[in-house]
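Remarks on the overall topology
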Amino acid sequence: MSGRGRRRALLAAGVAVAAAGGTAAVVTLDRGGSGTAAGSTLPPATAQVERSTLVDAETVDGTLGYGTGTAVTPRLRGTVTWLPAAGSTVRRGGRLYGVDDTPVVLLRGTLPLYRPLAPGVEGADVRQFEQNLAALGYDGFTVDEEYTGSTADAVRRWQEDLGIAETGAVEVGRVVYAAGDVRVQEVRGQVGDPAGGQAVLSYTGTTRVVTVELDVDQQRLAGKGAAVGVELPDGRTVKGTVAAVETVIDLGGGSGQEQEPETRLEVTVSLADQKDLGTLDQAAVDVSFTAQKREDVLSVPVAALLALAEGGYGVQVVEGTSTRIVPVETGMFSGGRVEVTGDGLSEGTTVGVAS
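My aim in this report is to walk through the structure given alongside it, one point at a time. This structure is a prediction, so every number in the text was calculated from the model and none was measured.

What follows concerns the packing of aromatic side chains. Within the structure shown, the criterion is met by 1 aromatic pair. Relative to Trp-158, the ring of Phe-129 lies with its centre 5.6 Å away and its plane at 70 degrees, an arrangement referred to as edge-to-face. Of this pair, Phe-129 sits in helix H2 (residues 124-135) while Trp-158 sits in helix H3 (residues 149-162), and the two are 29 residues apart along the sequence. Across the pair, Trp-158 and Phe-129 agree in class, each one buried. A cation sits over an aromatic face here: Arg-95 above Trp-82, 3.6 Å from the ring centre. Positioned above the aromatic ring of Tyr-66, the side-chain terminus of Arg-183 is 4.1 Å from the ring centre.

Rendered as structure tokens:
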């Protein structure tokens, strides 16, 4: 496991079972009568069955910022003639950058402009564009999947306002779609560069989020919609929610040595109130995940588990100078303890623990 996160109050179920199996004696139950194996050999140590709340929780490092950037590469041919400033905000209908002294416009959507739009074209990309055209105040057409002459008329009015040729058709590269308004993260190109072939800028959303990298074996922590706590640099804790989980494969390389591909999870956490963050940006934070919580359950130390020869686990109940083995069903593992249920087990019962 990598050192990306600081593990707190956590013992994964698979690891716990392995640990128990590695230290527990293998016993065989006498199923005649009581269903338990009895004896007089006392264990080297004992512990009490406790009733408490078990929490599978973990705190890892995160970064507060505007999230992972999306690179933009021009698809119009020509020369880059204008670029925005890093940190600036571009809204729907605004100029994202310029090619040959004409604007490339930001619109909202998830489907890229992959083909020219002109009368006779039909599809979901037409509807997406027409929705934007209507949102910008242009009318006289029906928002649907058909690019009609009426749509072309509205497009000419839009093109006139942009100061570009009034063709009534939308060329590939004239529009960049994003989920919402964007914040320019980084300007990568320069005015005068040839358009196309390399990214000129990258953008993020305009709302601050927390980004966390998890190992694949921590996937249980990152359920979409799960509540988390985010500790800010000043010690305050704010509420967050897991908004997205993306699997990222790092192919390695670049260092002159072969490396095995590494798979990790990139988790985006949205924050309940941006005002709580003040002016913080690109700040290191601690993110507390809770994968599971079991209230009012009986538990014993993991070292109290005995591997039964017939399968499963049991505990050695100590009663004065005698002992008996009680089969148990295990539940949640947390903090070196394991949830157990078994006949006759109750809070305060004494059980043996391996030394």
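More follows now that the structure is in view.
What follows deals with the layout of surface pockets. There is about 400 Å³ of room inside the largest pocket. Every residue lining the largest pocket is counted, 16 residues in all, and those nearest its centre are Thr-68, Thr-70, Ala-179, Thr-204 and Gly-205. Here the residues of the lining of the largest pocket sort into 6 nonpolar, 9 polar and 1 charged. Taken as a whole, the second largest pocket holds about 250 Å³ of empty space. Forming the boundary of the second largest pocket are 15 residues, of which Pro-112, Leu-113, Val-175, Val-176 and Tyr-177 lie nearest the centre. Counting residues per element, the lining of the second largest pocket draws most heavily on strand E11 (residues 175-178), which supplies 4 residues. Tallied by class, residues from the lining of the second largest pocket come to 10 nonpolar, 4 polar and 1 charged.

How each quantity is defined
- Throughout, a residue's number is its position along its own chain's written sequence, starting from 1.
- Restriction of local features to residues with pLDDT of at least 70 applies here, the model being predicted, together with a cutoff of 80 or more for giving and counting side-chain atom pairs; totals for whole chains, interfaces and linings are based on all residues.
- Side-chain metrics rest on all non-hydrogen atoms present in the structure, leaving aside hydrogens and water.
- A pair of Phe, Tyr and Trp rings is counted when the ring centres sit within 6.5 Å of each other, with Trp represented by its six-membered ring. The angle between the planes then sorts it: under 30 degrees is stacked, over 60 is edge-to-face, the rest tilted.
- Secondary structure elements follow DSSP: runs of H or I no shorter than four residues count as helices, runs of E no shorter than two count as strands, and numbering proceeds from the N terminus.
- Each residue's exposure class comes from its accessible area (1.4 Å probe, protein chains only) as a fraction of the maximum for that residue type: buried when under 20%, exposed when over 50%, partly exposed otherwise.
- For a ring to carry a charge above it, either NZ of a lysine or CZ of an arginine must fall within 6 Å of the ring centroid while also lying within 35 degrees of the normal to the ring plane.
- Lining residues are defined by having an atom within 4 Å of a point belonging to a cavity or pocket. Those points lie on a 1 Å grid over the protein atoms alone, cavities being sets where a 1.4 Å probe fits but cannot get out and pockets being open sets with protein on both sides within 12 Å along at least five of seven lines.
- Grid points are joined across faces, edges and corners, and a volume is the space filled by probe spheres set on the points.
- Classification used: nonpolar for Ala, Val, Leu, Ile, Met, Phe, Trp, Tyr, Cys and Pro, charged for Asp, Glu, Lys and Arg, polar for all others including Gly.

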